[in-house]
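Observations on chain architecture
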Amino acid sequence: KTETNDTDHAIESSSSNPDLLSTNSLDIKSHSETNASKPPMTYTVCNGLSNQLLGHAAYIANAAESARELLIPDAFIVNGVQNEKEGNTLKNVLSSKDNSLPLSDIIDTDNLLKKLKTLGVNARLEPFDQVVARTSTINPKSCKWLKTLLAANPQIVREVLLSFKPSSAFSVLIDTNLGNMLHRVGDTASLSDGICLHHRDGQDWKEHCKQWENIRDNVWRKNCLNDRGLPLHELVKNRIPEKSPKSWIYYIGDEDPSNELIEKFESIGINLINRHRDGLVRNEDIAKIVHLENISTATHRDLFSLVDFFTCAEIKNFIGNSVSSFSTNQIALRNGMDSSWYNSRSIPMATIFSAYNIPIVYTYTEESQAGGKTLLKASILSVRGAFGITTNIHILYHGTKDKVFLNWLDGNGVTVHNHEPAWLDTIEEMRLNGDPEKSHLFLHKGNYIGTWQRIDIPLFLNAEYVLFLDCDTIVSTAFGMQDFGLEITPGVAASEEFNEQDNIPRNMGVALLNVPKLRETHAEFLQFIRSHVKNPLFKGGNISDQGAYLEFYERDDNMRFLDRTFNVKPYWKQPRHFAERKVVHFHGLKPHDILKIWLKYPANSFPKALLHLVATVTKEESVSTLCLVMHDFSKYIVRDVNNLNDHCGAQFEKDGEEKIDICIKFWTALAKEDEASLGSCVDRLL
């Protein structure tokens, strides 16, 4: 056994166990129940590295809402392996003189305390001797970090996790480890050239997975080991974008990598490096830092884990196991970005700790109609409005001439991927063979190309999952991995289109994509598309890329239904969908079309394919829900005045300055309205 892994068992045996959660109670009270005149609070941490870090972060985050002083236990458990059972769960390991060191020996606690002040936490250290004396007299069940984490503000928890930095002496050790690693790779290597890989495959992990996956509580737990039982190097290969190749991996495993594993990674052009096997730092070097004579896996497992944890945190890209708490902490540090997991599917920890966002991705071609760009800008601004800068936004961008727009994207923190599709001629031939009576998309070359660009997403993006958004969407509410359920799609998830009562994937305007699966099947998918060039119709009469996705990924059970709240259409009726909306999709009728309907434009002003929707939204009972989604759009179209003017100009230019002015005034006035009192915005604003 190598010395590299945390004690995952406590969290992973209990994270979906309602019995454990119900027996735990918070021992940090809310602000309303405490005040500065009361004595300082303290808490208990337990078990392995990851449990200890999450425990500290959870209690500190809760203390941020309290006026009382907080005592942070100055103790780090160097061997938190849980070997004893207590009922259906493993017994907590508390700090003692035999198994612990002062936290301040290995963590920069001065920096931590300063950071906590900025979060409103008045904290100091509880001396080591006092900590171990206190924990020697209490029940192990008093370590209630999991329940505390559930109640804590996830973003504050993440901020605290980010505040854990190695002490000055320990930093030297981490720098040595990183330096020796890069030296082995090559003199020109950098930390962005490689990947930190955390791999769980020891016998104890396999036994744990067998027990965990078979808990009889109807909770889905089928992703503890390698996805579909595939070899690790194949799973890793499918998690490296073609446009961002990697040459080395810092490997953290239950055991040192075998010669066979190293050779398999070499066969895909990757150099596998391991701290212990490659002697990046010696055991005696680590022992010297903490003033000990001898250390070993058996006695100081979590001390070695800490070396790997801080080393891994310095490497931009991460691949791990989403059931392991070591991995989920690394993913949380990255806020879900630049991360994937070889076991695929869900992150169980997300049900407790909602700090796992997923990247948002768009596509755009400079050949598309001008109005599409104004909608896209509003959509991007809505993502920033919901998430701030905590979620990465990507765009596959076709073209190089529109420098103003490219600068706008850069200014709003959007990662632009230069997209020169290899299939352009094929798709243009397909468009020319299409029937405009069946879809308006066949009418415009640029718009049609834009819909197909998404098929190349796996060539560019480094993520386990992304949410693809059409340009005609508005994000209303922030969301994360926890909102997609534990049995998340293994391939693609899409929602309903016209009939909001059905549970059939039909609309890809908002789509949850498993990027490694799409990368694995990319070549085969392209061949499938080329076979439909002469007749661009797919199963069920579906057209274009949407039809291709729905038919191709329905095979082998790779298509799932995406909850309707991620793809709410303006013409839908159910109040719940609007009340719980996360993403609004102006499918068919765009915001300006609805405005034109309210301005009494005649039916012949709209494409024939949309007339059935025009009839739907003109009904009186639709006005209140339409006002909700139009209000969502208004908030972000007015955020950029130039974009507002461009939008109204592009959509009403043929109708004269008066209509352009009405458009500008309407969106400006609607954005100032309070959603709770919107009612019928038509009568009031037009």
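Everything here concerns the structure above.
Description of the structure in this document. (Residues numbered from 1 in each chain as written. Predicted model: local features only at pLDDT ≥ 70, side-chain atom pairs only at ≥ 80, totals over all residues. Heavy atoms only, no water.)

1. A look at the overall build of the protein chain
Of regular secondary structure, the protein chain possesses 30 helices and 20 strands. Each principal axis of the C-alpha atoms in the protein chain carries an extent, and together these give about 85 × 65 × 50 Å. At a minimum sequence separation of 6, the contacts of the protein chain that also span at least 24 residues come to 74%. Mean positive and mean negative side-chain charge positions of the protein chain (73 and 88 charges, respectively) differ by 3 Å. (Helix = DSSP H or I, 4+ residues; strand = E, 2+ residues; numbered from the N terminus. Contact = heavy atoms within 4.5 Å. Lys, Arg positive; Asp, Glu negative; His and termini not counted. Charge placed at Lys NZ, Arg CZ, Asp CG, Glu CD.)

2. Observations concerning the packing of aromatic side chains
What the rule picks out here adds up to 28 aromatic pairs. Seen from their ring centres, Tyr43 and Tyr59 are 4.6 Å apart, and the 10° between their planes marks the pair as stacked. Within this pair, whereas Tyr43 is found in the loop between helix H2 (18–23) and helix H3 (49–63), its partner Tyr59 is found in helix H3, the two being separated by 16 residues in sequence. There is no split in this pair, since Tyr43 and Tyr59 are both buried. Where Tyr549 meets Tyr553, the ring centres are 5.9 Å apart and the plane angle is 25°; that geometry is what we call stacked. You can call Tyr549 buried: its relative accessible area is 0%. Through successive ring pairs, a cluster of aromatic residues spans Phe525, Phe528, Phe538, Tyr549, Phe552 and Tyr553. (Phe/Tyr/Trp six-rings, centres within 6.5 Å; stacked < 30°, edge-to-face > 60°. Buried < 20%, exposed > 50% of the residue type's maximum accessible area, 1.4 Å probe, protein only.)

3. Thoughts on the sheet that holds strand S13 (residues 393–398)
Each strand in a sheet pairs with another by means of backbone hydrogen bonds, the pair being arranged parallel or else antiparallel. Pairing within the open sheet is mixed, and its 7 strands lie in the order S14-S13-S12-S15-S18-S17-S19. At either end of the open sheet lies a strand with only one pairing partner, and these are strand S14 (414–418) and strand S19 (559–561). Shown here is a sheet whose adjacent strand axes are inclined to one another by a mean of 30°, direction ignored. The sheet contact formed by strand S12 (residues 360–365) and strand S15 (residues 465–469) spans 2 bridges and is parallel. Bridged to Val361 within S15 is Phe468. Sheet strands in contact with helix H23 (residues 544–552) are strand S17 (492–495), strand S18 (507–514) and S19, and its direction is about 45° off that of S18. (Pairing = 2+ DSSP bridges. Axes fitted to C-alpha atoms, helices over the stretch in contact; angles between N-to-C directions.)

4. Considering the sheet that holds strand S11 (residues 339–341)
Spatially, the 5 strands line up as an open sheet ordered S9-S8-S7-S10-S11, and their pairing is parallel. If you trace the sheet from one side to the other, it starts and ends with strand S9 (271–273) and S11, each paired once. Strand-to-strand twist in this sheet, taken as the mean axis angle between neighbours without regard to direction, amounts to 25°. Strand direction decides the pairing type here: strand S7 (residues 194–199) and strand S10 (residues 317–320), joined by 3 bridges, are parallel.

5. Concerning the state of the cysteines
Taken as a whole and judged by the stated rule, the model has 5 disulfides. Two residues share a disulfide in this structure: Cys209 and Cys224, whose sulfurs sit 2.0 Å from each other. Handedness of the Cys209-Cys224 disulfide follows from its S-S torsion of about -60°: it is left-handed. Here the residue Cys209 occupies a position in helix H10 (residues 203–213), and Cys224 occupies one in the loop between H10 and helix H11 (232–237), the gap between them amounting to 15 residues. Judged by its relative accessible area of 1%, Cys209 falls in the buried class. Judged by relative accessible area, which is 0%, Cys224 ranks as buried. (Disulfide = S-S within 2.5 Å.)

6. Notes on the pairing of strand S8 (residues 248–253)
Burial analysis of S8 places 6 of its 6 residues in the buried class, which makes it a mostly covered element. On S8, burial covers both faces: Trp248, Tyr250 and Ile252 on one face and Ile249, Tyr251 and Gly253 on the other are all buried. Two strands pair when backbone bridges link them, and S8 and S9 are joined in this way by 3 bridges, in the parallel orientation. Its bridge partner being in S9, Trp248 is matched across the sheet by Asn271. The parallel pair S8 and S9, bridged by helix H12 (residues 259–266), forms a crossover whose chirality is right-handed. (Right-handed = clockwise from strand over helix to strand, strands pointing away.)

7. Points about unusual backbone geometry
A positive phi angle, close to 70°, is found at Asn47, a residue other than glycine. With respect to the helices and strands, Asn47 occurs in the loop between H2 and H3. The backbone of Asp557 shows a phi angle near 60°, a positive value even though the residue is not glycine. As for its position among the elements, Asp557 is in the loop between H23 and S19.

8. Notes on the environment of Met337
Positionally, Met337 belongs in the loop between helix H15 (325–333) and S11. In the structure, Met337 is positioned 128 residues away from Tyr465 in sequence and 9.8 Å away in space, judged by C-alpha atoms. Apart from the residues within four sequence positions on either side, Met337 is in contact with Asn357, Ile358, Pro359, Thr390, Thr391 and Asn392.

9. A short note on helix H5 (residues 109–118)
Every buried residue belonging to H5 is among Thr109, Leu112, Leu113 and Leu116, and all of these are buried. Projected onto a plane normal to the axis of H5, the buried residues spread over an arc of 95° and lie on a single side. H5 presents Asp110, Lys114, Lys117 and Thr118 as exposed residues on the side facing more than 90 degrees away from its buried surface. Structurally, the start of H5 carries an N-cap: the backbone nitrogen of Asp110 is 3.4 Å from a side-chain oxygen of Asp108. Remark: Gly120 follows H5 within two positions and exhibits a positive phi of approximately 85°. (Arc of directions from axis to C-beta. Polar contact = N/O pair within 3.5 Å; in protein donor to acceptor, adjacent residues only side chain to side chain.)

10. Quick word on the pairing of S13
In terms of burial, S13 is largely enclosed, as 6 of its 6 residues are buried. Burial of the side chains of S13 extends over both faces: Ile393, Ile395 and Tyr397 are buried on one face and His394, Leu396 and His398 on the other. Relative to S13, S12 runs parallel, the two being bridged by 6 bridges. Along S13, the bridge assignment pairs Ile360 with Ile393. With helix H16 (residues 370–387) bridging S12 and its parallel neighbour S13, the resulting β-α-β unit is right-handed. Judged from the 5 bridges that link them, S13 and S14 form a sheet pairing that is parallel. Opposite Ile393, over in S14, you have Val414 as the bridge partner.

11. What about the nonpolar core?
Ranked by size, the top nonpolar core spans 146 residues in total, and within it Ile72, Phe170, Phe353, Leu467 and Trp667 carry the most contacts. Judged by nonpolar contacts, the second largest core, of 37 residues, contains Met430, Ile457, Ala511 and Phe538. (Core = buried A, V, L, I, M, F, W, Y, C linked by side-chain atoms within 4.5 Å.)

12. Description of the pattern of salt bridges
Evaluation of the coordinates by the stated rule reveals 29 salt bridges. Note that Glu84 and Lys91 form a salt bridge whose closest N and O atoms lie 4.0 Å from each other. The exposure class assigned to Glu84 is exposed, which follows from its relative accessible area of 51%. The exposure class assigned to Lys91 is partly exposed, which follows from its relative accessible area of 27%. One connected set of salt bridges, linked through shared partners, spans Asp227, Arg228, Lys517 and Glu520. (Salt bridge = Lys/Arg side-chain N within 4 Å of Asp/Glu carboxyl O.)

13. Brief notes about the environment of Asp472
Along the chain, Asp472 turns up in the loop between S15 and strand S16 (473–475). Distance from Asp472 to Leu376, taken between C-alpha atoms, is 6.6 Å for residues 96 residues apart in sequence. In contact with Asp472, not counting residues within four places along its chain, are Leu375, Val584, His585, Phe586, His587 and Lys590. Side chain to side chain, Asp472 and Lys590 meet in a polar contact 2.5 Å long.

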